[in-house]
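Descriptive structure summary
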Amino acid sequence: MKYDKGNVFYKIINKEISSDILLEGEHFVAFRDVRPKAPVHILVVPRGGYVDWRDFSTHASAEEIAGFCRGIAEVIDFAGLNKGGYRLISNSGEFGQQEVFHMHVHILGDVTVK
Ligand code: AMP
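First, a word on what this report is: a plain description of the structure on this page. (Residues numbered from 1 in each chain as written. Predicted model: local features only at pLDDT ≥ 70, side-chain atom pairs only at ≥ 80, totals over all residues. Heavy atoms only, no water.)

This brings us to the overall build of the protein. Helix and strand counts for the protein come out as three helices and five strands. When the helices and strands of the protein are read in sequence order from the N terminus, they spell out α-β-β-β-α-α-β-β. In summary, the protein has a C-alpha radius of gyration of 14 Å against a globular reference of 13 Å for 114 residues, a match within 12%. Dimensions of the protein along its principal axes, counting C-alpha atoms only, are 40 × 30 × 30 Å. Looking at the protein as a whole, 41% of its 114 residues qualify as buried. With an accessible surface of roughly 6800 Å², the protein has 53% of that area assigned to carbon and sulfur atoms. For the protein, the centre of its 13 positive side-chain charges and the centre of its 15 negative side-chain charges are spaced 3 Å apart. (Helix = DSSP H or I, 4+ residues; strand = E, 2+ residues; numbered from the N terminus. Rg over C-alpha atoms; globule rule 2.2 N^0.38 Å. Buried < 20%, exposed > 50% of the residue type's maximum accessible area, 1.4 Å probe, protein only. Areas by Shrake-Rupley, 256 points an atom, 1.4 Å probe, with all protein chains shown as cover. Lys, Arg positive; Asp, Glu negative; His and termini not counted. Charge placed at Lys NZ, Arg CZ, Asp CG, Glu CD.)

Here the focus is the packing of aromatic side chains. Applying the stated rule across the entire model yields four aromatic pairs. Ring-pair connections join several aromatic residues into one group, and the members of that group are Y50, W53, F56 and F68. (Phe/Tyr/Trp six-rings, centres within 6.5 Å; stacked < 30°, edge-to-face > 60°.)

Turning to the pattern of salt bridges, a few remarks are in order. Between side chains of opposite charge, a pair can form as their charged atoms come close. Counted by the stated rule, this structure contains four salt bridges. Notably, a salt bridge pairs K15 with E24, separated by 3.2 Å at the nearest N-O pair. Between D20 and R32 there is a salt bridge whose closest N-O contact spans 3.3 Å. Remark: R32 occurs in strand β2 (residues 28-32) and D20 occurs in the loop between α1 (8-13) and β1 (21-25); sequence separation between them is 12 residues. (Salt bridge = Lys/Arg side-chain N within 4 Å of Asp/Glu carboxyl O.)

Printed below as a string of C-alpha cells:
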C-alpha cells in the first residue's frame, strides 16, 4: 500500500488538527489516543510517511529507526510506566485491524500499577 498524506496522523504531525501531544523529538511525535483502551494510552508515530511497521523498518534510515525507538523509551519514562510495566502494540493491515495508515505504536499502561 502506498502512503497517503490524507491520514489523520499526518495532519497531527503537521499541526493541521489539534491533539494532546505529550512529547516530540526529531524522529517522533507522541500524543494521547482519543479512545483510550487503558488508563494510559499513548500513540507514538515517526515523522516520516510510512504505512506500517514493516514499511518503516524496511525503508526508514537507521537514524529514524533509532530516534523513534529511543522516543518510545522517553515516552515510557515521561508517562511513569517503567516501574509498573506496559504493552507496545503496532497494528498492521486487515488482520491487525489497522485504522490509520501512518505507522504507529500504541503504549498501554496503568500508572497505579506498582
Ligand atoms: P489502529 O490503526 O488500529 O492501530 O488504531 C488507530 C488509533 O488511533 C485508535 O486507537 C484511535 O482511537 C486513534 N485515533 C484516531 N484518530 C485520532 C486522533 N485524532 N487523535 C488521537 N488518536 C486518534
